[in-house]
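Each chain is listed here by its residues.
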Amino acid sequence: MSNISYVKILSWLENKEVDRPNAADNGTLSGHAAGEPFEKLVYRHLKELYPNNVYKQYEFLNDLYRRNPESITIKDRQALFNSPVALFLLSRGDAATRDWDIQNVFEEKQNDTADILFHKNEYFELIDVKTRNISKAAQAPNIISAYKVAQMCAIILDNQDFDTVGINYVEVDWLPKEDKLVCTQAHYGNLFKATPNTLYINWAAAMQIQFHVSELDQTYTGTLEEWAKAYLKMFVASAEHRCDIMYKKYVKPFKKYVEE
Ligand SMILES: [Ca+2]
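Rules used throughout
Residues numbered from 1 in each chain as written. Predicted model: local features only at pLDDT ≥ 70, side-chain atom pairs only at ≥ 80, totals over all residues. Core = buried A, V, L, I, M, F, W, Y, C linked by C-beta atoms within 7 Å. Buried ≥ 20, exposed ≤ 12 C-beta atoms within 10 Å, placed from the backbone. Contact = placed C-beta atoms within 7 Å. Axes fitted to C-alpha atoms, helices over the stretch in contact; angles between N-to-C directions. Helix = DSSP H or I, 4+ residues; strand = E, 2+ residues; numbered from the N terminus. Parallel < 35°, antiparallel > 145°, perpendicular 65-115°, else oblique. Left-handed = near helix turned anticlockwise from the far one by under 90°. Nonpolar A, V, L, I, M, F, W, Y, C, P; charged D, E, K, R; others polar. Pairing = 2+ DSSP bridges.

S.K.: Teacher, can you tell me more about the nonpolar core here?
M.R.: Leu117, Leu126, Val149, Val170, Val172 and Ile209 are the most contacted members of the largest nonpolar core, which has 52 residues in total. Once residues within four sequence positions are removed from consideration, Leu126 is found in contact with Leu89, Thr113, Ala114, Leu117, Val165, Gly166, Ile167 and Asn168.

S.K.: I would appreciate a short explanation of the packing of helix α7 (residues 146-159) against helix α8 (residues 224-258) in the present structure.
M.R.: Axis angle and axis distance: for two packed helices, these are the angle between their axes and the distance between the axes, and together they describe the pair. In contact at an axis separation of 9 Å, α7 and α8 are set at 135 degrees when each is read in the N-to-C sense. Classified by the angle between their axes, α7 and α8 sit oblique to one another. When you trace α7 past α8, the crossing you get is left-handed. Residue-level inspection shows Ala146, Val149, Ala150, Cys153, Ile156 and Leu157 of α7 in contact with α8, the latter providing Leu224, Glu225, Ala228, Tyr231, Leu232 and Phe235. Residues that form the contact of α7 with α8 fall into these classes: 11 nonpolar, no polar and one charged.

S.K.: Sorry, what's going on with unusual backbone geometry here?
M.R.: Phi at Glu122 is positive, roughly 65 degrees, even though this residue is not glycine. Overall, the presence of 11 C-beta atoms within 10 Å leaves Glu122 in the exposed class. If you check the backbone angles, Ala206 has positive phi at about 50 degrees while not being a glycine. Judged by the 10 C-beta atoms lying within 10 Å of it, Ala206 falls in the exposed class.

S.K.: Would you mind showing me how to read the sheet that holds strand β1 (residues 17-19) here?
M.R.: Strands in a sheet are paired, the pairing made by backbone hydrogen bonds, and the direction either parallel or antiparallel. Spatial strand order, β1-β7-β6-β4-β3-β2: six strands in an open sheet with mixed pairing. A single partner strand is all that each edge strand has here, and the edge strands are β1 and β2 (54-55). Pairing analysis gives three bridges linking β1 to strand β7 (residues 180-190), with the strands arranged antiparallel. The partner of Asp19 across the bridge, within β7, is Lys180. Packed on one face of the sheet, helix α1 (residues 6-13) meets β6 (165-177) and β7 and runs near 165 degrees to β7. In the packing of helix α2 (residues 36-49) onto the sheet, contacts are made with β1, β2, β3 (116-120), β4 (123-133), β6 and β7, and the angle to β4 comes to roughly 145 degrees.

S.K.: Sorry, what's going on with the sheet that holds strand β9 (residues 208-210) here?
M.R.: Across the sheet, three strands lie side by side as β5-β9-β8; this open sheet has antiparallel pairing. Unpaired on one side and paired on the other, β5 (142-145) and β8 (200-202) mark the two borders of the sheet. Strand-to-strand, the axes of this sheet are offset by a mean angle of 40 degrees, without reference to chain direction. In terms of strand pairing, β8 meets β9 through three bridges, oriented antiparallel. Within β9, the position partnered with Asn202 by the bridge is Gln208. Packed onto the sheet, α7 meets β5, β8 and β9 and runs at close to 45 degrees relative to β5.

S.K.: In this structure, what is going on with the environment of Asp217? I would like to understand it.
M.R.: Within the secondary structure, Asp217 is located in the loop between β9 and α8. With 23 residues separating them in the primary sequence, Asp217 and Ala194 have C-alpha atoms 4.8 Å apart. Apart from the residues within four sequence positions on either side, Asp217 is in contact with Ala194, Thr195 and Thr198.

In structure tokens:
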């Protein structure tokens, strides 16, 4: 289920230019920050197309709590979400939720799950924009914590919450062009259409799932219930393999020194 025509968004993005972030000092175009203007561009475009449905994650929370001033306890504020999965993915921690008020609203946080949120009829469409300087070879970026996805799957299955959340990725490929960055191509990926067995977990990189959106498998045709079960099967097997490696490398060679 999707409310957004990603095909249209992708073709709209092609050949779009943004200002090079550090053009003034002609600095290097490194890391995540370089592509940030494209993230903002995608957000502004979606906001124009769907002014009443598109939010930043923190804007949605601010809006929700502002519209419900009678909900002040953590429990009351959590109850504003009809979906346990959306609550898990989108809400802030207990202390932050309790301390929220009109004078102390949320601001953007680096580890928010989504860059952009589309909300309509109790359905939450999460969109994360990934930007890629294609003049450089780069390893696949961190996408989302594999542990967070495992927790999400458990919540989906425990609550039979199968129709309230989608997780989507847009990759913007760009090249530097004088004092601009120009989008050469854009790609779309739906996490729940990626066969769980094809996902790569980089345990050493804070157990992040890593992929280039343009290379994400999109052939999975099962239901979300089936996806969640298949993901947890893959996750547990991968964690057990990781335990095994940890034991062989970091325990076994040293065990004899610590045994009495
Ligand atoms: Ca992003």
